[in-house]
Amino acid sequence: MASPMRSLLADPDRYVQSFRLFLERSTEHQSMQEFVERQLPAVIASIGNGKSAINVLSVGGGAGEMDLQILSKIRARYPGVTINNDVVEPSADQISKYKERVAQASNLENIKFTWHKETAYEYESRMNAEKKTKKWDFIHMIQMLYYVKDIPATIRYFHSLLESQAKLLIILVSGKSGWETLWKKYGSSLPVEDLCNYISTADLPKLLDSAGLKYQLYELPSHMDITSCFIEGDREGELLLDFLTETLDFAKTAPPELKSQLMEELRKPGCSEIRDGKVFFNNNLGVIVIEP
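Residues numbered from 1 in each chain as written. Predicted model: local features only at pLDDT ≥ 70, side-chain atom pairs only at ≥ 80, totals over all residues. Heavy atoms only, no water.

Participant: Account for the overall build of the protein, naming residues and giving values.
Facilitator: Counting its regular elements, the protein contains twelve helices and twelve strands. At 20 Å, the protein has a C-alpha radius of gyration in line with the 19 Å of a compact globule built from 292 residues. Overall, the C-alpha framework of the protein stretches about 60 × 40 × 35 Å when taken along its three principal axes. Within the protein, buried positions represent 51% of all 292 residues. Residue pairs in contact within the protein that sit at least 24 positions apart in sequence constitute 81% of those at least 6 positions apart. A total of about 13800 Å² of accessible surface is found on the protein, and carbon and sulfur atoms cover 50% of it. Side chains of the protein carry 34 positive and 40 negative charges; the gap between the two charge centres is 5 Å. (Helix = DSSP H or I, 4+ residues; strand = E, 2+ residues; numbered from the N terminus. Rg over C-alpha atoms; globule rule 2.2 N^0.38 Å. Buried < 20%, exposed > 50% of the residue type's maximum accessible area, 1.4 Å probe, protein only. Contact = heavy atoms within 4.5 Å. Areas by Shrake-Rupley, 256 points an atom, 1.4 Å probe, with all protein chains shown as cover. Lys, Arg positive; Asp, Glu negative; His and termini not counted. Charge placed at Lys NZ, Arg CZ, Asp CG, Glu CD.)

Written out as structure tokens, the structure reads:
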């Protein structure tokens, strides 16, 4: 009998609820913010040398929270320089939240925003159709390569758009994270749609080495409290389980054997750490900065 399990992406509202809860319960954004504070200034140290305008491309910019922090660092490094920030984002809802964030922010003078409601692939196709090859001083892709059909081709295309001093920054879950353990072991049993690939920073060095690209790799520690996942019938625990497995109502629709194996795996050291009776999932991130 076919499993009743369905992809979480089949219910966009529940996906958004589970994603927001994930951000609340994890140190995902704090880890990225720390990187932006401590390491990004060195990454962007020469991207705007001698330029009167800096072109930044955000691929999968979401609601703009990280984008605005990145832009504030570029602005601080190159005061008075115009920054043209283009955002490629397929979700109208995310774009409207991004625009609200920009409207409420007070320190964005000299920054011009342009939003493109499209996927990375649609952006590439449109640029090719219009025979445009606009070059960029900084391109970033934060947690978006999971939703790309051809990852090597996407990286190659955006890398080809870099100016001579530019950088391409990619953030994904780390190859040393609980995600890597969970998905390598159970990904094939879960109803992941074509829309979503499992990829971590462990998959990229080989690809970048074979393309002869120079890059730097950073590891960002992060965790998520998943204690509620082990409380039967806990609504928030069920939402987090949906997010971890990309499965709609995993707790109710997964075959009992799969559910018990996966729940057991989540407690193991490969996925999580148990501290003071709480279970903290290893949500480590990896950052790859690619040279032109």
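Having put the structure on the table, let's press on.
Participant: Can you explain empty space enclosed by the protein? Please cite residues and give values.
Facilitator: Any empty space left between the atoms is revealed when a probe the size of a water molecule rolls over them. Applying the stated criterion to the full structure yields one cavity of 30 Å³ or more. Roughly 50 Å³ of volume is contained in the largest cavity. Lining of the largest cavity is provided by Met 32, Phe 35, Val 36, Leu 40, Met 66, Ile 70, Ile 142, Leu 169 and Ile 171. Of all the secondary-structure elements, those providing two or more residues to the lining of the largest cavity are α2 (28–38), α4 (65–77) and β6 (162–173). Broken down by element, the residue count for the lining of the largest cavity peaks at three residues, all from α2. Partitioned by chemical class, the residues of the lining of the largest cavity number nine nonpolar, no polar and no charged. (1 Å grid on protein atoms, 1.4 Å probe; cavity = no way out; pocket = protein on both sides within 12 Å on 5 of 7 lines; lining within 4 Å. Points joined across faces, edges and corners; volume = space filled by probe spheres on them. Nonpolar A, V, L, I, M, F, W, Y, C, P; charged D, E, K, R; others polar.)

Participant: Describe the side chain of Arg 14, naming the residues involved and giving the relevant values.
Facilitator: Looking at the secondary structure, you find Arg 14 in helix α1 (residues 12–25). Overall, the relative accessible area of 15% leaves Arg 14 in the buried class.

Participant: Please give an account of the packing of α1 against helix α10 (residues 235–245) that cites residues and values.
Facilitator: Between α1 and α10, whose axes approach to 9 Å, the crossing angle comes to 100°. With respect to their mutual orientation, α1 and α10 come out roughly perpendicular. Of the residues in α10, those in contact with Arg 14, Tyr 15, Gln 17, Ser 18, Phe 19, Leu 21, Phe 22 and Arg 25 of α1 are Arg 235, Glu 236, Glu 238, Leu 239, Leu 240, Asp 242 and Phe 243. Of the residues contributing to the contact of α1 with α10, the split by class is seven nonpolar, two polar and six charged. (Axes fitted to C-alpha atoms, helices over the stretch in contact; angles between N-to-C directions. Parallel < 35°, antiparallel > 145°, perpendicular 65-115°, else oblique.)

Participant: Break down the layout of surface pockets for me, citing the residues and quoting the values.
Facilitator: Here the second largest pocket is characterised by a volume of approximately 150 Å³. Forming the walls of the second largest pocket are Gln 30, Ser 31, Glu 34, Phe 35, Arg 38, Gln 39, Tyr 218, Glu 219, Leu 220 and Pro 221. Partitioned by chemical class, the residues of the lining of the second largest pocket number four nonpolar, three polar and three charged.

Participant: Quick one: what's the story with the UniProt feature "binding site: substrate" (unreviewed entry) in the protein, residue by residue and with numbers?
Facilitator: Under the UniProt annotation, the feature "binding site: substrate" (unreviewed entry) is placed at Glu 28 and Asn 283. Taken together, the annotated residues stretch across 256 residues yet fold into one region, lying no more than 7.3 Å apart by C-alpha. In this structure, Glu 28 sits in helix α2. Within polar-contact distance, the side chain of Glu 28 engages the side chain of Gln 143 at 2.6 Å. Discounting chain neighbours no more than four positions away, the residues touching Asn 283 are Phe 22, Ser 26, Glu 28, Ser 177, Trp 179, Ser 222, His 223 and Met 224. (UniProt positions renumbered as here; feature names shortened; annotations may be inferred. Polar contact = N/O pair within 3.5 Å; in protein donor to acceptor, adjacent residues only side chain to side chain.)

Participant: Outline the pairing of strand β5 (residues 136–142), supporting the account with residue identities and numerical values.
Facilitator: Two faces make up the sheet, and in a regular strand the side chains alternate between them. Within β5, seven of the seven residues are buried, which leaves it mostly tucked inside the rest of the structure. Here strand β2 (residues 53–59) runs beside β5; their pairing, made up of four bridges, is parallel. If you follow Leu 57 over to β5, its bridge partner there is Ile 139. Bridge count for β5 against β6 is six bridges, and the pairing is parallel. (Pairing = 2+ DSSP bridges.)

Participant: How would you sum up the packing of α2 against α4? Please name residues and give values.
Facilitator: Taken N-terminus to C-terminus, the directions of α2 and α4 make an angle of 10°; their axes are 10 Å apart at the nearest point. Compared by their axis directions, α2 and α4 come out roughly parallel. Our pair here, α2 against α4, has a crossing hand that is right-handed. On the side of α2, the interface is formed by His 29, Met 32, Gln 33, Val 36 and Glu 37, while α4 contributes Glu 65, Met 66, Gln 69, Ile 70 and Lys 73. Grouping the constituent residues of the contact of α2 with α4 by class yields four nonpolar, three polar and three charged. (Left-handed = near helix turned anticlockwise from the far one by under 90°.)

Participant: Outline α4, supporting the account with residue identities and numerical values.
Facilitator: The first and last C-alpha atoms of α4 sit 19 Å apart over 13 residues, in line with the 18 Å expected at 1.5 Å per residue. Of the residues making up α4, those classed as buried are Met 66, Asp 67, Leu 68, Ile 70, Leu 71, Lys 73 and Ile 74. (Expected span 1.5 Å × (residues − 1).)

Participant: Give a description of the side chain of Thr 245 that names residues and reports values.
Facilitator: With respect to the helices, strands and loops of the structure, Thr 245 is situated in helix α10. Polar side-chain contacts of Thr 245 include one of 2.8 Å to the backbone oxygen of Leu 241. If we skip the residues at most four places from it in the chain, Thr 245 touches Trp 183, Leu 190, Phe 250 and Leu 262.

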